[in-house]
Amino acid sequence: MARHYDAIVVGLGGVGTAAAYQLSRRGQRVLGIERFEIGHQQGSSHGETRIIRLAYFEGTTYVPIVRRAYRLWQELGRAAGSPILYRTGSLEMSEPGYDFVDRSRASCLDHGLAHEMLDVDAVKQRFPAFELSAGTRAIYQPDGGYVLCEAAIDAHARLARSAGADLHTGEIVLDFRATADGGVEVRTDRGRYSAGHLVLTAGPWMRQLVPALHDHLATFKQTIAWFAPFRAELFQPPTFPVFIHFGDDGEFYGLPMHSGRGMKVGGPHFAREPIDPDVTDRTPSSSQLAALQAFMARHLPAAASPPQQPTGCIYTKTPDEHFIIDRLPGTPQVLMISACSGHGYKFAPALGEIAAELVVDGATTQAIEQFSLARFGLV
Ligand SMILES: Cc1cc2nc3c(=O)[nH]c(=O)nc-3n(C[C@H](O)[C@H](O)[C@H](O)COP(=O)(O)OP(=O)(O)OC[C@H]3O[C@@H](n4cnc5c(N)ncnc54)[C@H](O)[C@@H]3O)c2cc1C
């Protein structure tokens, strides 16, 4: 007979470990199932660090959720015994013809966020590592920074287990079905389990589990690499914040030196190089790596050394690049939280909290209507 839980979480990456923790700390009997080990390098949440920022060009409505995430990241650091969140300030820069800085500014104005608009000379004075094209405009927001993504997954998983969650690794969920009592049965390559609720946080594998999403999700390979600066003092806060640069060559982002690994740079963000998540090779493509190196040579020459540990990671995108947070149509006991479209990690603990509120209370105080499936005509 299938073992019964209050909630089963499928996929223990960035969002799933947070959901397992938030559910189990509310007293739910939780089973989390992960196809690889916790903290693997095949999904979307590896690579040591992720940018977090309040200035949000993707949409001003994300700001309250990311604000909540800031609090939860701090709490997680305290519970884990070492910080997860680092504030460095965030610097977004747009070359002429791109409106990202204006969109970020709109989110700052809407939510009363401290910010400064900077021109090329002001950026050079405050953050001397950057070489910018004439006419580039920038916005600086002092709360921006980064989170330690791998450490956070480990911390969420440890805390979930301490709160009583069963976390299975090396086990693949094959499918699931609604049961007559309003619950759900999950079939894996090892067995069957039943639960009152199912939370799907399968990242790049989401469309395998939910065929209805197949035409609305696409997976793309993204390259990250570390660069050893020639002048390390230019690449540490406060002289070097997290940054995003939008221009003719694409969108690139980077973070200050955190460990002994150098500074991390990723991009081009809008590269659409398809990848099947089941193909295990994550070697970055030569074109993305060449684009990264060209960006470094042009805009951060004091760190344009040979790339180190280049690796590929997966973006799972919806057509409008917004999240999916919704129940499966006709099956309200199945919740989906995914397709974070290349900008979801910073929200992970808040998304985990939303999952737990929806399961336990049946509602969340966060505005999630914008993430519903109705926008794809799926209801
Ligand atoms: C290179 C790169 C840079 C990024 N930079 C940023 C950034 O700076 N800031 C930011 O906020 N976001 C960033 N993102 C986006 C962010 O990292 C993702 O939105 C986030 O990590 C997605 O987390 P997830 O839990 O949905 O997916 P994942 O962490 O991939 O988790 C999904 C999990 O489900 C498991 N799984 C899947 N199918 C099954 C199954 N059938 N059975 C069992 N387990 C299963 C997988 O193995 C995996 O562990 C970046 C992404 C990439 C790739």
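Residues numbered from 1 in each chain as written. Predicted model: local features only at pLDDT ≥ 70, side-chain atom pairs only at ≥ 80, totals over all residues. Heavy atoms only, no water.

Let us look at the site of the ligand. For the ligand, the set of nearby residues contains 34 residues, the closest of which are E34, H40, S45, C313 and K346. In this structure, a nitrogen atom belonging to the ligand sits 3.0 Å away from a main-chain N or O atom of V173. Between the ligand and K346, the relevant distance is 2.7 Å, taken from an oxygen atom to a side-chain nitrogen or oxygen of the residue. In isolation the ligand exposes 1000 Å². Once the protein is present, 97% of that is buried. Elements represented by at least two residues in the shell around the ligand include exactly α1 (14–25), β2 (30–34), β3 (49–52), β13 (218–227) and β18 (308–317). Broken down by element, the residue count for the shell around the ligand peaks at three residues, all from β18. When the residues that make up the shell around the ligand are grouped by side-chain class, the tally is 16 nonpolar, 13 polar and five charged. If you count residues domain by domain, the shell around the ligand takes at least three from each of domain 1 (3–45 + 150–211 + 321–376) and domain 2 (90–142 + 218–317). (Near = heavy atom within 4 Å. Polar contact = N/O pair within 3.5 Å; in protein donor to acceptor, adjacent residues only side chain to side chain. Areas by Shrake-Rupley, 256 points an atom, 1.4 Å probe, with all protein chains shown as cover. Helix = DSSP H or I, 4+ residues; strand = E, 2+ residues; numbered from the N terminus. Nonpolar A, V, L, I, M, F, W, Y, C, P; charged D, E, K, R; others polar. Domains from an automatic or database assignment.)

Put simply, P237 and P238 share a cis peptide bond, and its omega is 5 degrees. Of note, the bond from G267 into P268 is cis; its omega dihedral lies within 30 degrees of zero at -10 degrees. Assignment of secondary structure puts P268 in the loop between β16 (263–266) and β17 (273–274). One non-glycine residue, E321, lies in positive phi territory at about 65 degrees. Counting through the fold element by element, E321 comes out in the loop between β18 and β19 (324–328). The backbone of S341 sits at a positive phi, close to 45 degrees, despite the residue not being glycine. In this fold, S341 is placed in the loop between β20 (331–338) and α8 (348–360).

Strand order in the open sheet formed by three strands is β3-β8-β4, with antiparallel pairing between adjacent strands. Both outer strands of the open sheet, β3 and β4 (85–87), are each paired with one neighbouring strand and no more. With strand direction ignored, the average angle separating the axes of adjacent strands in the sheet is 25 degrees. Of the strand pairs in this sheet, β4 and strand β8 (residues 145–148) are connected by three bridges, and their pairing is antiparallel. Within the sheet, the bridge partner assigned to Y86 lies in β8 and is Y146. The sheet strands contacting helix α2 (residues 63–80) are β3, β4 and β8, and the helix crosses β4 at an angle near 115 degrees. (Pairing = 2+ DSSP bridges. Axes fitted to C-alpha atoms, helices over the stretch in contact; angles between N-to-C directions. Contact = heavy atoms within 4.5 Å.)

Quick look at the side chain of Q333 now. With respect to the element layout, Q333 can be found in strand β20. A relative accessible area of 9% means that Q333 is categorised as buried. There is a polar contact of 2.8 Å between the side chain of Q333 and the backbone oxygen of G183. Leave out the neighbours within four places in its chain, and Q333 touches A178, G182, G183, V184, G196, H197 and L198. (Buried < 20%, exposed > 50% of the residue type's maximum accessible area, 1.4 Å probe, protein only.)

This part takes up the domain arrangement of the chain. Along its sequence, the chain is carved into domain 1 (3–45 + 150–211 + 321–376) and domain 2 (90–142 + 218–317). Summarising the inter-unit geometry, the C-alpha centres of domain 1 and domain 2 are found 30 Å apart. In total, about 1200 Å² of surface goes out of reach between domain 1 and domain 2, with carbon and sulfur atoms giving 42% of it. Three residues stand out in domain 1 for area buried against domain 2, namely Q42, P204 and E321, and they jointly supply 37% of the buried area on that side. Inspection of the domain 1/domain 2 interface yields three salt bridges. The salt bridge involving R272 is made with E321; its shortest N-O contact spans 2.6 Å. Across the side of domain 1 that touches domain 2, the residue classes tally to four nonpolar, nine polar and three charged. (Buried area = accessible area lost by both parts, 1.4 Å probe. Salt bridge = Lys/Arg side-chain N within 4 Å of Asp/Glu carboxyl O.)

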